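Here is how the chains run, residue by residue.
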Amino acid sequence: MKRAERGQSPPAGEVTSSQSTDVAATSAGPAWDYAPAPESREIVTIAGEYGLFVDGEFGPAADRRQFPTINPATEETLAHVALASPADVDRAVAAARHAYSRVWGPMPGAERAKYLYRIARVLQERAREFAVLESLDNGKPIRESRDVDIPLAAAHFFYYAGWADKLEYAGLGGNGRAGEVSADSRADGADGGGGAGRGRAPRPLGVAGQVIPWNFPLLMAAWKLAPALATGNTCVLKPAETTPLTALLLAEVCQQAGLPPGVVNVLTGAGETGASLVSHPGVDKIAFTGSTEVGKEISRTVAGTGKKLTLELGGKAANVVFDDAPVDQAVEGIVNGIFFNQGHVCCAGSRLLVQESVADIVVERLRDRLATLRLGDPLDKNTDIGAINSREQLDKISALAAAGEAEGAQRWSPPCRLPDRGFWFPPTIFTGVSQSYRIAREEIFGPVLSVLTFRTPEEAVAKANNTPYGLSAGVWTEKGSRILWMAQRLRAGVVWANTYNRFDPASPFGGYRESGFGREGGRQGLAGYLDA
Ligand code: NDP
């Protein structure tokens, strides 16, 4: 387990000569400085211990095992959380099956929608509580959890609530037998095939097993649960070992919203818990977000079982800047692309491809901009770069950065004091990077940017596509025709033009090749949870 592997000694600051004594350290910026603006943690009550959420109730694991969850910014233990065993997986899957066949599956879509709307509204009402808890357990800046993670999570529940009673209009076809009428159609008096554009509502799959990562803990839970519930499935969710707390608070919200027992179950635990959920014969659908390595293992487990599978895996996205792009706007996009959420983003723009004629000016402006980023206390509203989520992840980032230097790239970080305790890595740029270097090929999943150059659009496309991944890309140019030309040639599930890291529940997201398959979000996100 990762927790047990973590040492307690302070991490080595990569670029520090003087280390501060508290978490509120900042990058050495201009002569004047911001006053601290800490968000109060009083709004959150963290219990000493948390149980599993099964069949509508919280309770201990069958064998009563637990693991600690810590604040990565301070290494303080926040709580002890139940470690689900295979017996708990059995119990949760049985509860989900019962709820599916007795309550949730037969329930008309318009009724299911009411629960989803309720969950969305409670998320909004308790948004500050969720934001603070997310930043404490994950290490991300409060500005991001407050302005991005939590509002987007609520938006996903609102969006999919709207679909719950309109599935026959989703264009996904129906699979009912002749003369069979769906529960939704029965409820609103429809004939299941009459009105313009109306088909028979496609059927849900049954019980969905959902395994999520630590980089956007609540948001990934929302991406998984909202479409599954809207389409009539019941869920067993396994949050990441290092970030279980907001998933457990979401379970409390399900109780508060009066969701019938067993419709959502939350099993905290480690990779083994995820593995036993994935291999459980009572599960009809597996949805996974995480590393490509684990995704491949899950593919092998699921192959031949008849379970439906969607995988959202890693990436090594190219952010392509042409010489006609507005430089300052592009620099903001580059910073947002790779330093948002400490670079713990599967679609992060981790490879900057900049046209040779403007490379020097872009890199110079980028360095100036990085010198203004503030690294430190995630709960400070001025913080731009928070803590790395775990010691294990910090070690991985450090090892890949060291490999970049060893292979011959030039490393640069702004002057930056790192806090004594917790897991920290300064924003880092590598120039002089060749495509063969590990930092240009492997997912670093940290605040590290590799800069490469190109001369022609054809070369930009060739370099951008020179990766086994295919999740996302960015293009910066003032020419609309060039945006379209690039978008047609970039092999990526999402291409952002003159922006980066924009998300909307109505917009499908996902990749292909080693970045996985299936789409989350939008109408397309319904398909993964329907027998369509
Ligand atoms: P993992 O892929 O190991 O973890 C993702 C989720 O899967 C977690 O809930 C994890 O549980 C669970 N899990 C682990 N092993 C199995 C298994 N055999 N069967 C089923 N579920 C399993 O990512 P890590 O957290 O270990 O991160 C490793 C690397 O993966 C990162 O450095 C990063 O490069 C990449 N990553 C990519 C993400 C993306 O969105 N593309 C997200 C997260 C990581 P547990 O937390 O207990 O291990």
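The model shown is predicted, which means the values in this text are computed figures rather than measured ones. (Residues numbered from 1 in each chain as written. Predicted model: local features only at pLDDT ≥ 70, side-chain atom pairs only at ≥ 80, totals over all residues. Heavy atoms only, no water.)

Engineer: Provide a residue-level description of the overall build of the protein, including the pertinent values.
Structural biologist: On a plain count of helices and strands, the protein comes out with 17 helices and 20 strands. Taken across its 532 residues, the protein has 59% of its residues classed as buried. Within the structure as shown, the protein displays about 19600 Å² of accessible surface, and the carbon and sulfur contribution to it stands at 50%. (Helix = DSSP H or I, 4+ residues; strand = E, 2+ residues; numbered from the N terminus. Buried < 20%, exposed > 50% of the residue type's maximum accessible area, 1.4 Å probe, protein only. Areas by Shrake-Rupley, 256 points an atom, 1.4 Å probe, with all protein chains shown as cover.)

Engineer: Outline the packing of aromatic side chains, supporting the account with residue identities and numerical values.
Structural biologist: For the structure shown, the criterion picks out 12 aromatic pairs. Aromatic pair Phe322 and Phe454: ring centres 5.3 Å apart, planes at 75°, arrangement edge-to-face. Separated by 132 residues along the polypeptide, Phe322 in the loop between strand S12 (318-321) and helix H11 (327-339) and Phe454 in strand S16 (residues 448-454) bring together distant segments of the chain. Here Phe454 falls in the buried class, since its relative accessible area comes to 0%. Here the aromatic rings of Trp496 and Tyr500 are separated by 4.7 Å at their centres, their planes lie at 50°, and the arrangement is tilted. Residue Trp496 shares its accessibility class with Tyr500, and that shared class is buried. (Phe/Tyr/Trp six-rings, centres within 6.5 Å; stacked < 30°, edge-to-face > 60°.)

Engineer: Account for the site of the ligand, with residues named and values stated.
Structural biologist: Neighbouring residues of the ligand: 29 residues in total, closest Ile212, Trp214, Ser291, Gln393 and Lys396. Between Gly290 and the ligand, the recorded distance is 3.4 Å, taken from a backbone N or O atom to a nitrogen atom. Protein contact buries 90% of the 850 Å² of open area that the ligand shows by itself. Breaking the shell around the ligand down by element, the ones donating at least two residues are helix H9 (271-278), strand S10 (285-289), helix H10 (292-302) and helix H13 (391-407). Residue composition of the shell around the ligand, grouped by class: 14 nonpolar, 9 polar and 6 charged. (Near = heavy atom within 4 Å. Polar contact = N/O pair within 3.5 Å; in protein donor to acceptor, adjacent residues only side chain to side chain. Nonpolar A, V, L, I, M, F, W, Y, C, P; charged D, E, K, R; others polar.)

Engineer: Outline helix H3 (residues 109-125), supporting the account with residue identities and numerical values.
Structural biologist: Taking 1.5 Å as the rise per residue, H3 with 17 residues should run 24 Å; its terminal C-alpha atoms sit 24 Å apart, in good agreement. Turning to H3, its buried residues are Gly109, Arg112, Ala113, Tyr115, Leu116, Ile119, Ala120, Val122 and Leu123. (Expected span 1.5 Å × (residues − 1).)

Engineer: Describe in detail the sheet that holds strand S17 (residues 472-476), supporting the description with residues and values.
Structural biologist: Spatially, S14-S15-S16-S13-S12-S17-S18 is the arrangement adopted by the 7 strands of the open sheet, whose pairing is mixed. For this open sheet the edge positions go to strand S14 (410-412) and strand S18 (494-497), each flanked by a neighbour on one side alone. For this sheet, the mean angle separating the axes of adjacent strands, direction not counted, is 20°. Pairing of S12 with strand S13 (residues 351-355) involves 4 bridges; the strand directions are parallel. Looking at the pairing, Asn319 lines up with Leu352 of S13. (Pairing = 2+ DSSP bridges. Axes fitted to C-alpha atoms, helices over the stretch in contact; angles between N-to-C directions.)

Engineer: Account for unusual backbone geometry, naming residues and giving values.
Structural biologist: Phi angles above zero are rare outside glycine, and Arg64 is one such case at about 60°. One can find Arg64 in the loop between strand S3 (57-59) and strand S4 (66-70). The phi dihedral of Phe445 falls on the positive side, at around 60°, and the residue is not glycine. Tracing the chain through its elements places Phe445 in the loop between helix H14 (438-441) and S16. Owing to a relative accessible area of 14%, Phe445 belongs among the buried residues under this scheme.

Engineer: Hey, could you go over the pairing of strand S11 (residues 308-312) for me, with residue numbers and the actual values?
Structural biologist: Summarising burial for S11: 4 of the 5 residues are buried, a large majority. The pairing of S10 with S11 spans 5 bridges and is classified as parallel. Across the sheet, residue Phe288 finds its bridge partner in S11, namely Leu311. As for the winding sense of the linkage, the β-α-β connection from S10 through H10 to S11 is right-handed. (Right-handed = clockwise from strand over helix to strand, strands pointing away.)

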